Amino acid sequence: GLSKPKQLAEAHHRLGLAFSHLEKFPEAQTSIESALAIQPNASNILNSYGMVLVKRQRIPAGIQAYEQALALQPAYAQARFNLAKVFELINPKRAIQEYETFIVLAEDNPEETAKVAIAKAKIKTLQN
């Protein structure tokens, strides 16, 4: 009974996140796809979609979702971090670039301190 499309999209998105948290990835994908059908240009929903696709081993599609989110919102630190994680095994140079960009975007955000430290450690590991 939600009358506004944005509210309905967010409801589907949150349901998808709940399914993902429960590791019910097919259900999460379906819910997030419903959200994207309503709001196809929502970077946060695209980021969540990428996470679910990667969990389902659909790596190219997950990368595409992250890149779409970043095309809409280039300074979206979380999507940048998620994209870097995916590239660690398949394109270490790209992973380093994405982690470096994430650090620039998130370094001054106290909520991202732990992830910034992880990103810095990952860069050192990937460079060796």
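The structure this text deals with has already been given above.
These numbers come from a predicted model, not from an experiment.

Participant: How do you make sense of the pattern of salt bridges when you look at a structure like this?
Facilitator: Any two side chains of opposite charge can pair, so long as their charged atoms come close to each other. Scanning the entire structure with this criterion turns up 6 salt bridges. One salt bridge in this structure joins arginine 14 and glutamate 10, with 2.9 Å as the shortest N-O distance. Here glutamate 10 and arginine 14 lie together in helix H1 (residues 5–21), a separation of 4 residues that amounts to about one turn. On the basis of relative accessibility, which here comes to 57%, the residue arginine 14 falls in the exposed class. Note that glutamate 107 and lysine 120 form a salt bridge whose closest N and O atoms lie 3.4 Å from each other. Placement of the pair is glutamate 107 in the loop between helix H6 (92–106) and helix H7 (113–127) and lysine 120 in helix H7, with a sequence separation of 13 residues. Owing to a relative accessible area of 45%, glutamate 107 belongs among the partly exposed residues under this scheme. One salt-bridge network, in which partners are shared between bridges, spans Glu67, Arg80, Arg94 and Glu98.

Participant: Where do I start with the packing of helix H5 (residues 77–90) against H6 in this structure?
Facilitator: How two helices sit against one another is set out by the angle between their axes and by the gap between those axes. Where H5 contacts H6, the axes come no closer than 7 Å and their chain directions differ by 160°. What the angle tells us is that H5 and H6 run roughly antiparallel. Note that H5 runs across H6; the crossing there is left-handed. Taking contact as the criterion, the partners of Ala77, Arg80, Phe81, Leu83, Ala84, Lys85, Phe87, Glu88 and Ile90 in H5 are, on H6, Pro92, Arg94, Ala95, Glu98, Tyr99, Thr101, Phe102, Leu105 and Ala106. A per-class count over the contact of H5 with H6 returns 12 nonpolar, 1 polar and 5 charged.

Participant: Before we go on, may I ask you to explain the packing of aromatic side chains in this structure?
Facilitator: The relation between two aromatic rings is expressed through the spacing of the ring centres and the mutual angle of the planes. A complete count under the given rule lists 2 aromatic pairs for this structure. Here the aromatic rings of phenylalanine 81 and tyrosine 99 are separated by 5.7 Å at their centres, their planes lie at 70°, and the arrangement is edge-to-face. A residue pair is termed long-range when its members are at least 10 positions apart, and phenylalanine 81 in helix H5 and tyrosine 99 in helix H6 qualify at 18 residues. We classify tyrosine 99 as buried; its relative accessible area is 0%. For phenylalanine 81, a relative accessible area of 5% translates into the label buried.

Conventions and cut-offs
- Residues numbered from 1 in each chain as written.
- Predicted model: local features only at pLDDT ≥ 70, side-chain atom pairs only at ≥ 80, totals over all residues.
- Heavy atoms only, no water.
- Salt bridge = Lys/Arg side-chain N within 4 Å of Asp/Glu carboxyl O.
- Helix = DSSP H or I, 4+ residues; strand = E, 2+ residues; numbered from the N terminus.
- Buried < 20%, exposed > 50% of the residue type's maximum accessible area, 1.4 Å probe, protein only.
- Axes fitted to C-alpha atoms, helices over the stretch in contact; angles between N-to-C directions.
- Parallel < 35°, antiparallel > 145°, perpendicular 65-115°, else oblique.
- Left-handed = near helix turned anticlockwise from the far one by under 90°.
- Contact = heavy atoms within 4.5 Å.
- Nonpolar A, V, L, I, M, F, W, Y, C, P; charged D, E, K, R; others polar.
- Phe/Tyr/Trp six-rings, centres within 6.5 Å; stacked < 30°, edge-to-face > 60°.

Everything listed here is a matter of geometry and, on its own, says nothing about what the molecule does.
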